[in-house]
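Take a look at the letters that make up each chain.
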Amino acid sequence: MSSELKVNKVSPESGTGVQLGDSGDTITIPSGATIANNGTASGFGGGGVAAHDTVVITSTSTYTPTAGTSFVQVYCIGAGGGGGGCVTTNNFSTGAGAGGGGGGCAMKIFNSTELGSSAAVTIGAAGTAGAGEGDGGDGGDTTFNPQGSGATLTGGGGSGGVGVNFTSTNGYGRASAGGTASGGDLNLRGGPSLTHEQTNVRDASGNLQTTGGTGGASFWGPSPAPQSVGTNAHADGTAGANGSGGNGACGANINGGGNSNNGGAGGAGVVVIFEYQ
């Protein structure tokens, strides 16, 4: 038998607690009804926010949020600088171009008003590889410009690595700076590159060795391991990825000299967006 009880207020007969039903009962809130909570509610499962989708943007385009998105977390990464090249002209020396700097990262959370209906995304171009003794090119800036009231994010590109031409002495390109960032709740500078100044470094057989300069890391990770060569060997630098800097070229004790190697290109910029309902 069912019945209906109509009251404006339910209060405990004694103490401060009121219980609705017993264990196993189902309390139904009908469609269209609203529960207004002006105090503190505890013990309820669910609620909160739910991850909706992840969007990775690698080319200049317009971003439109997925339907139902209430806010987004955006990572805007600049492009890495290119690694420096290296020319070997002496039989008894080693040398290496420096790696390029990593791209900067601006991170920000946008609500639906700040984001608006879309955002213009410009992806920074990878820093070019240093040719011969040439320096690597600087990485391009990546920007995220929301149509709403939110700030524009900029992940600055990393600086290009310095190339070398070593003759009678060892030669190593100096390290390069990582890119800056602006507009974010967090603005993180890209990692600087590393230069490997290895004077008279030898392997187990006594042969000279050298390693190309290492590109600076971006927020999304480091560059691949640089090339390392022994006596009478030389190698181009390896390319960066996801905003990291390219690695420098290298050579060691080249008989007759005259070899020319290019650095690795930097990694292009990238924008990563986490959408939440």
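If you're wondering where the values come from, they're calculated on a predicted model, not measured in any experiment.

> Explanation requested: the nonpolar core in the structure shown.
Most often, soluble globular proteins have nonpolar side chains that are buried together. Counting 17 residues, the largest nonpolar core has I57, Y63, V74, F144, V271 and I273 as the members making the most contacts within it. Looking at this core, the elements with two or more residues in it are β1 (51-57), β3 (71-77), β6 (105-111), β7 (119-122) and β19 (270-276). Ranked by the residues each element gives to this core, the list is headed by β3, at three residues.

> Sorry, what's going on with the sheet that holds strand β12 (residues 181-182) here?
By way of backbone hydrogen bonds, the strands of a sheet pair with one another, either parallel or antiparallel. Strands sit in the order β2-β7-β8-β9-β12 across an open sheet of five strands; the sheet is antiparallel. Edge positions in the sheet fall to β2 (61-63) and β12, since each has one partner strand and no second. Summarising the sheet, strand β9 (residues 153-155) and β12 pair through two bridges and their orientation is antiparallel. Each residue of the ladder has a partner; that of G155, found in β12, is A181.

> Looking at this structure, how should I read the side chain of S118?
As for its position among the elements, S118 is in the loop between α1 (112-115) and β7. The residues touching S118, leaving out its near neighbours within four places in the chain, are T62, Y63, T64, P65, P146 and Q147.

> Where do I start with unusual backbone geometry in this structure?
A positive phi is found at N242, a non-glycine position, where the angle reads about 50°. In this structure, N242 sits in the loop between β16 (233-235) and β17 (250-252). Judged by relative accessible area, N242 falls into the partly exposed class, the value being 42%.

> I tried to follow the environment of G216 on my own but got confused; where do I start?
With respect to the secondary-structure elements, G216 resides in the loop between β14 (210-211) and β15 (228-229). Taking C-alpha positions, G216 is 4.7 Å from P192, a pair spaced 24 residues apart along the chain. G216 has contacts with G100, G101, G102, G191, P192, S193, S223, S244 and G245, leaving out every residue within four places of it along the chain.

> Sorry if this is basic, but what is going on with the pairing of β19 here?
Side chains on a regular strand alternate between the two faces of the sheet. Among the seven residues in β19, six count as buried, and that is most of the element. Here β1 pairs with β19 via six bridges, running antiparallel. Each residue of the ladder has a partner; that of V56, found in β19, is V272. Alignment of β3 against β19, held across seven bridges, turns out to be antiparallel. From the neighbouring strand, I77 faces β19, where its bridge partner is V270.

Calculation criteria
- Residues numbered from 1 in each chain as written.
- Predicted model: local features only at pLDDT ≥ 70, side-chain atom pairs only at ≥ 80, totals over all residues.
- Heavy atoms only, no water.
- Core = buried A, V, L, I, M, F, W, Y, C linked by side-chain atoms within 4.5 Å.
- Buried < 20%, exposed > 50% of the residue type's maximum accessible area, 1.4 Å probe, protein only.
- Helix = DSSP H or I, 4+ residues; strand = E, 2+ residues; numbered from the N terminus.
- Pairing = 2+ DSSP bridges.
- Contact = heavy atoms within 4.5 Å.

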